[in-house]
2 protein chains.
Amino acid sequence: MKVGLIGFGTIGAGVVEIFNRNQELINRKTGRKVELKRVVDLDIETPRGVEIDPEKLSTDADDILEDPDIDIVIELIGGYEPARSFILRAIENGKHVVTANKALLARHWDEIMSAASEKGVRVAFEASVGGGIPVLKALNESLAANRIQSIYGIINGTANYILTGMASEGCEFEEVLREAQRLGYAERDPTFDIEGHDTAQKLIILTLLGFGVYVPEEKLHVMGISNIKRHDIEYALEELNHTVRLLAAARLEDGELELWVMPALVPADHLLSSVTGVYNGIYIEGDFTGPVMFYGKGAGRRATASAVVADCMDIVINPEKRIPMGPGFEAVKSVREFSRTTSRYYIRLEAVDRPGVLHEMAGAFSRHGISIESVTQRGAVEGETVPIYIVTHSTMEGDLQRALSEIMEMEWVMGEPLSLRIL
Amino acid sequence: MKVGLIGFGTIGAGVVEIFNRNQELINRKTGRKVELKRVVDLDIETPRGVEIDPEKLSTDADDILEDPDIDIVIELIGGYEPARSFILRAIENGKHVVTANKALLARHWDEIMSAASEKGVRVAFEASVGGGIPVLKALNESLAANRIQSIYGIINGTANYILTGMASEGCEFEEVLREAQRLGYAERDPTFDIEGHDTAQKLIILTLLGFGVYVPEEKLHVMGISNIKRHDIEYALEELNHTVRLLAAARLEDGELELWVMPALVPADHLLSSVTGVYNGIYIEGDFTGPVMFYGKGAGRRATASAVVADCMDIVINPEKRIPMGPGFEAVKSVREFSRTTSRYYIRLEAVDRPGVLHEMAGAFSRHGISIESVTQRGAVEGETVPIYIVTHSTMEGDLQRALSEIMEMEWVMGEPLSLRIL
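Going by what an unreviewed UniProt entry lists, chain A is known as Homoserine dehydrogenase and is assigned to Methanothermobacter wolfeii. In its Cofactor (unreviewed entry) section, the UniProt entry covering chain A states "a metal cation". Here chain A is described in UniProt, under the heading Sequence similarities (unreviewed entry), as follows: "Belongs to the homoserine dehydrogenase family."

A short note on the overall build of chain A
A tally of helices and strands in chain A yields 13 helices and 18 strands. Compactness check: chain A gives a C-alpha radius of gyration of 24 Å against a globular reference of 22 Å for 423 residues, within 12% of the reference. Dimensions of chain A, computed from C-alpha atoms along their principal axes, come out at roughly 80 × 45 × 35 Å. Counting all 423 residues of chain A, 61% fall into the buried class. Within chain A, contacts between residues separated by at least 24 positions form 73% of all contacts whose residues are at least 6 apart in sequence. A total accessible area of about 16,200 Å² is found for chain A, and carbon and sulfur atoms account for 46% of it.

Let's talk about the environment of B:Tyr346
Residue and element names in this part refer to chain B. Mapped onto the elements of the fold, Tyr 346 is located in strand β14 (residues 342–352). The exposure class assigned to Tyr 346 is buried, which follows from its relative accessible area of 0%. Sequence separation between Tyr 346 and Ile 390 is 44 residues, and the spatial gap between their C-alpha atoms is 5.8 Å. In terms of polar contacts, Tyr 346 uses its side chain to reach the side chain of Asp 232, at 2.6 Å.

A word on the sheet that holds strand β6 (residues 123–124) of chain B
What links the strands of a sheet is backbone hydrogen bonding, and the strands pair in either a parallel or an antiparallel sense. All names here are of chain B. Here six strands make up an open sheet; going across it, the order is β3-β2-β1-β4-β5-β6 and the pairing parallel. Lying at the two open borders of the sheet, with one neighbouring strand each, are β3 (57–58) and β6. Sheet topology places strand β4 (residues 72–75) next to strand β5 (residues 96–99); four bridges connect them, and they run parallel. Note that in β5 the partner of Ile 72 across the bridge is His 96.

With respect to helix α10 (residues 230–240) of chain A
Count 3.6 residues to each turn of an α-helix, and residues three or four apart come out pointing the same way. Residues and elements named next belong to chain A. Within the span of α10, buried status applies to Asp 232, Ile 233, Tyr 235 and Ala 236. On an axial view of α10, the arc spanned by its buried residues comes to 165°, and they lie on one face. Positive phi shows up at Asn 241, right after α10, with a value of about 55°.

Here we look at the relation of the copies chain A and chain B
One chain copy maps onto the other through a rotation about an axis and a shift parallel to that axis. Expressed as a screw transformation, the operator carrying chain A onto chain B has a rotation angle of 180° and an axial translation of 0.0 Å, and the superposed copies differ by an RMSD of 0.0 Å. Here the transformation between the copies is reduced to the relation of a two-fold axis. Among all residues of chain A, the minimum C-alpha distance to the rotation axis is found for A:Phe294, at 2.5 Å. When the interface residues of chain A are mapped onto chain B, 100% of them again lie at the interface, so the same face is used by both copies.

As for the pattern of salt bridges
This model, assessed by the stated rule, comprises 66 salt bridges over all chains. A:Asp314 is the partner of A:Lys137 in a salt bridge, and the nearest nitrogen-oxygen pair spans 2.9 Å. On the criterion of sequence distance, the pair formed by A:Lys137 in helix α5 (residues 135–142) and A:Asp314 in helix α11 (residues 301–317) is long-range, its members being 177 residues apart. A residue is classified by how much of its surface remains accessible, and A:Lys137, at 11% relative accessible area, is buried. Two residues, B:Arg48 and B:Asp43, come together in a salt bridge whose shortest N-O distance is 3.9 Å. Judged by relative accessible area, which is 16%, B:Arg48 ranks as buried. Connected via shared salt-bridge partners are A:Arg251, A:Glu253, A:Glu256, A:Glu258, A:Arg336, A:Arg340, A:Glu397 and A:Arg421.

A look at the packing of aromatic side chains
All names here are of chain A. Considering all chains together, one arrives at 13 aromatic pairs over all chains under this definition. Between Tyr 346 and Tyr 389 the ring centres are 6.3 Å apart and the planes differ by 35°, which places this aromatic pair in the tilted class. Here Tyr 346, found in strand β14 (residues 342–352), pairs with Tyr 389, found in strand β16 (residues 385–392); they are 43 residues apart in sequence, far enough to count as distant. Of the two residues, Tyr 346 and Tyr 389, both sit in the buried class.

Observations concerning the interface of chain A and chain B
In this complex, chain A contributes 53 residues to the contact, which on the side of chain B involves 53 residues. Looking only at chain A, the three residues that lose the most surface to chain B are A:Lys29, A:Phe288 and A:Tyr295, adding up to 16% of its buried area. Seen at the junction of chain A and chain B, the total is four salt bridges. Close ionic contact of A:Asp287 with B:Arg21 constitutes a salt bridge, the shortest N to O distance being 3.1 Å.

A look at the nonpolar core
Membership of the largest hydrophobic core comes to 197 residues, with the highest contact counts inside it found for A:Ile284 and B:Ile284. Look past the residues within four positions of A:Ile284 in its chain and what remains in contact with it is A:Val135, A:Leu139, A:Leu143, A:Ile148, A:Ser150, A:Ile151, A:Gly290, A:Pro291, A:Val292 and A:Phe294.

Calculation criteria
- Here the residue numbering is sequential within each chain, running from 1 through the sequence in written order.
- Ligands are numbered from 1 and chains lettered from A, in the order in which they are written.
- Restriction of local features to residues with pLDDT of at least 70 applies here, the model being predicted, together with a cutoff of 80 or more for giving and counting side-chain atom pairs; totals for whole chains, interfaces and linings are based on all residues.
- Hydrogens and water are ignored here; the side-chain numbers use all heavy atoms of the structure.
- UniProt positions are given in the numbering used here, feature names are shortened, and annotations may be inferred rather than shown by experiment.
- Each helix is a run of DSSP H or I of at least 4 residues and each strand a run of E of at least 2, with the numbering of both proceeding from the N terminus.
- We take the radius of gyration over the C-alpha atoms and set the globule estimate at 2.2 Å times the residue count to the 0.38 power.
- Note on classification: 1.4 Å probe, protein chains only; a residue is buried when its accessible area is under 20% of the maximum for its type, exposed when over 50%, partly exposed between these limits.
- Any two residues having at least one pair of non-hydrogen atoms within 4.5 Å are treated as being in contact.
- In short, Shrake-Rupley with a 1.4 Å probe defines the accessible areas, and a residue's cover is counted only from the protein chains shown.
- The definition of a polar contact used here is a pair of N or O atoms within 3.5 Å, where within protein one atom must be able to donate a hydrogen and the other to accept one, and adjacent residues in sequence count solely through side-chain atom pairs.
- Any two strands are treated as partners once DSSP identifies two or more bridges connecting them.
- To be clear, the arc concerns the directions from the helix axis to the C-beta atoms.
- Copies overlap after least-squares fitting; the atoms used are the C-alpha atoms of residues with pLDDT of at least 70 in both.
- One speaks of a salt bridge when a side-chain nitrogen belonging to Lys or Arg is within 4 Å of a carboxyl oxygen belonging to Asp or Glu.
- Under the pairing criterion, centres of Phe, Tyr and Trp rings, with the six-membered ring standing for Trp, must be within 6.5 Å; the plane angle then separates stacked pairs below 30 degrees from edge-to-face pairs above 60, leaving the rest tilted.
- Buried area is understood as the total, over both parts, of accessible area removed when two parts are fitted together, assessed with a 1.4 Å probe.
- The term nonpolar core refers to a set of buried residues drawn from Ala, Val, Leu, Ile, Met, Phe, Trp, Tyr and Cys, joined through side-chain atoms within 4.5 Å.

Shown next, in the form of structure tokens:
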């Protein structure tokens, strides 16, 4: 079996490294000689820190896509084009595809899967969610007898590094972001990771596998972590015994699927609170298996390459394998409007302290039927700005946002209020 | 595809329940009609709390084993015989086998796997380790490109319930054991679970998959938890910031495999310390994927049945699937003698306090080249018995045991000393 790799970047170099180091293992486990025959990238000059026979390098994707000798194409260039065209051509030419391209799958799932199904080839994508964590195979195959009830994932290492760094070092967002950039855990333009878009794309894939429903990113409620302050994290931990984590959530209730990407308060003794730094954790509940969690490195050259090569080996071993996808039952009747979802909430307002503030605020909450569990104003000095921390009982998102809009109109409120769900 | 179930006990009833509730899902996901055709048990009278067509029940295993219509045999009677004979006959008759029988696999692995390989049928056993946690498939397939470096598992729910209950409730072993028995988390005769034998059998299977080496239970160092006192757990947490967990460990170092089942001190911030109650967690390190952990219910009717039915579905979908087993590389040159393994140690002695105790004890450690990190004697009153807590630097097990033997001869020592590894 011959493999062609398109995209000799970070993960691509990791794939080459696995073939270099574990070639014998790969052959023995698959019972075949599996050869990485060709590696294509626009740049084949810059050293990647891995040994590779220069004969194998090419700048022309056709050297893989049009080579009848190549059985499996690994696509690791990312993004929409030319990745999409390359994958469709590989399929058209009867080749199996292995990809880590979450963006592409999240947008062009149907097109790619239909093409593969028509040509009778496999598209494997374990590396697209959770890096080296085998969560997709588990969801698809190992939990196959279950009706999935909920999925909660910490699936962006950059955001988790920042949130947990703010907690452990007592620093503000910008400071930990700069440190993450220095260490290579955050991109120079970190928007995609910290604003939740990467998490959203992965949630789309998890939702497809867990619930058999495709929801485009535009329909997801996505909120990032850049508004989280150090004192939110401190208050959550010290007063409420919760950590703050950027979560991807998919939860089925009464046939309606609730989906969101948001920072949320997680009980400190919940296993997801133990997921720190760049690690990922995905917590899944099935009707029979109960809660299971998968933990590991959600990104990085070696871990992600491990998932890519495992996919190749799976194809070598079982090229005809049918993968059961989706829930296999019509559980999801609709996707619940985000404004109709309910949760307990943590709210933080910045307010100028003066008499009557609490009374006016309580009035707004009351008019929208929101029941308050606690209100705390710390270190209030009349005339100065202080944070007010509010915890609500179970509240409908739409009611909360209407109440907050009213409160925003009050003259003593400064800046934007923050509202986070409590798990 | 038709399935026959032998063993209508707790897990067997769970399997029937999944077929009752998720039959449509099973058919859709596999693309076949999968029917639970027959259920055999010696007792088919006692109600199991699940609906089943009485026509399907039989007391004669031949009704499954000799029925040419049945493709898959689920064996859930446990133990060695008649489970072994039933499985071998099922294989002989060309049927696939799904089993949760860790005891049988840990002892008769070669015989069963050779027979299956000869007849070209599959033997699936996800439920044998970690109940509903899909750790075996992950180890075998998802981590296939890795050289496994170590496996640390909390894989006995009874022992974990007791150890974590002692910590959270501040109770002694016997008290929590009685509570566990009352709640059905421990057997009336709990020896098998609390003395580590169940954990050892599961470790044998994990070692086969992770390292390709079969080690019979007699060659494993197995120690249970019945000697752990409440004050060991308290000292570990308060003074050393570690929890106590019954671990199965397999670790490869310089080509030598180190294997043991023992209660050990785990750093409080390690993910394995977050595994509490009857839950299981398996922590695996591969050379590329780095650390990954799998968490969930390691036992119980519904979770274990989930793994059993997933195995059936996997067979229905891919009856010819080849499963890569073992490491695929000759990594393990030998199994390290337990006396030659090294670790930091926590030691607790009960001693009559009198002058010179510390001097004599230190002499014994010194003669065997053991370097001490700390010694603490709490609440000493001359002439009375008090615990002495010792933490060593990295020490070879054999040296430690020799030193402890010498110390045992000293007249001020009372009872057996306890020595636990520190992870």
